[in-house]
Amino acid sequence: MTVNYRFLAPLLLLVAVLFAEPIAAQTALPLNGPVIERIRDKQVLTIAYDPNHAPFSLLGDDGQPTGYTVDLCRIIASQLVTQLNLGMLDVRWLKTNPRTRFEAIDSGDADLECSATSNTLERQRQYGFSLTTFIQGATFAVRQDADLQKLEELASKKVAVVRNSTTGKLLQQAIASGQMQATLIEVKNMETAANLLAAKEVDAIAGDRLLMFDQLIRSKLGTRFRMLPQDFAPEFYAIMMSRADPDFRWAVNATLSRTFRTPVIGELYQRWFGSLNQPGQLMEALYFTQAFPE
């Protein structure tokens, strides 16, 4: 994927101009909390990201993090300078994976996690989450030559799913409740799942539609598979952070909400999902309903 790294600079400038008055108004109320104090004392914001979650988070041609969620977090970082009345803010990036992203927030090694993390009720008991940044569906991929067209045709089939993923948990619940009859094969990553499908050791693989599509293409096996047209569950992506600091979560959400009511969000959407054309009604509704008034 070729990335124009000069793209974000004018957007950050536009955000600064558009946000100047609202943020100036709210800085009269001091923001406090353990995460904010850590950022204020060190003048450092550490952002965790997974480079294998394109187009939400990935490494660009220059070896630096980029992607839809990463760009949103860069905007958040630019606004924290004003929100916390800092002279400067050093933004550092911490590379993680589906397991270590949680450890990074637990330990305080990262202040934000900016990839493609699903916000679930179970996770909300332990972590803080921002406003929803993206909605997509979880679905199945099958071999091109497979006589499978609908979700119900997966009954009694073997399905590979990434271990400890939200998709895997949803499928486990569906099987336990009798809503689905299939055998789940848990694997460590999507590449392993793709190899099992190519070798005909499983009949399908399950995952978030956009992430799975990108990872199958990168595996050079993508042309051998196709996605089923139906989604069996929604995935609500959000920026993850500590539960211990409501003021920090407010600062993040204030920037996101203000971004959602500017042309910036449309520019970011086109940059990373332009092949999907304009945002669909679901995404337009997401941005509209979260653009809270001051």
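Let me begin by describing the structure that accompanies this report.

**Things to note about the sheet that holds strand β4 (residues 65-66)**
Backbone-to-backbone hydrogen bonds pair the strands of a sheet. The strands run either parallel or antiparallel.
Then step 1. Reading across from one edge, β2-β3-β4 is the order of the three strands in this open sheet, with antiparallel pairing throughout. For this open sheet the edge positions go to β2 (52-53) and β4, each flanked by a neighbour on one side alone.
Then step 2. Relative to β4, strand β3 (residues 57-59) runs antiparallel, the two being bridged by two bridges. Each bridged residue has a counterpart across the sheet, and for Leu-59 the counterpart in β4 is Pro-65.

**Looking at the packing of aromatic side chains**
Then step 1. This model, assessed by the stated rule, comprises 13 aromatic pairs.
Then step 2. Centre to centre, the rings of Phe-56 and Phe-273 are 5.5 Å apart; their planes meet at 50 degrees, and the pair counts as tilted. Linking Phe-56 in the loop between β2 and β3 with Phe-273 in helix α10 (residues 263-273), this pair joins segments that are 217 residues apart in sequence. Phe-273 carries the same exposure label as Phe-56, and that label is buried.
Then step 3. Chaining the aromatic ring pairs together yields one cluster made of Phe-56, Tyr-68, Phe-134, Tyr-237, Tyr-269 and Phe-273.

**Thoughts on the state of the cysteines**
Then step 1. Counted under the stated rule, the structure contains one disulfide.
Then step 2. Disulfide pairing is shown between Cys-73 and Cys-114; the S-S distance is 1.8 Å. On the sign convention where negative means left-handed, the S-S torsion of about -85 degrees between Cys-73 and Cys-114 marks this disulfide as left-handed. On the criterion of sequence distance, the pair formed by Cys-73 in helix α3 (residues 68-83) and Cys-114 in the loop between β6 (112-113) and α5 (121-124) is long-range, its members being 41 residues apart. Across the pair, exposure class does not vary: Cys-73 and Cys-114 are buried alike.

**Some words on the side chain of Asp-50**
Then step 1. Within the element layout of this structure, Asp-50 appears in the loop between β1 (44-49) and β2.
Then step 2. Salt bridges are absent for the buried Asp-50, whose nearest opposite-charge side chain, Arg-101, sits at 6.2 Å.
Then step 3. Within the local environment of Asp-50, its side chain forms a polar contact with the backbone nitrogen of Asn-52, the two atoms lying 2.9 Å apart.
Then step 4. If we ignore the near neighbours within four places in the chain, the residues touching Asp-50 are Ser-57, Leu-58, Thr-96, Asn-97, Pro-98 and Ser-115.

Calculation rules
Residues numbered from 1 in each chain as written. Predicted model: local features only at pLDDT ≥ 70, side-chain atom pairs only at ≥ 80, totals over all residues. Heavy atoms only, no water. Pairing = 2+ DSSP bridges. Helix = DSSP H or I, 4+ residues; strand = E, 2+ residues; numbered from the N terminus. Phe/Tyr/Trp six-rings, centres within 6.5 Å; stacked < 30°, edge-to-face > 60°. Buried < 20%, exposed > 50% of the residue type's maximum accessible area, 1.4 Å probe, protein only. Disulfide = S-S within 2.5 Å. Lys, Arg positive; Asp, Glu negative; His and termini not counted. Salt bridge = Lys/Arg side-chain N within 4 Å of Asp/Glu carboxyl O. Polar contact = N/O pair within 3.5 Å; in protein donor to acceptor, adjacent residues only side chain to side chain. Contact = heavy atoms within 4.5 Å.

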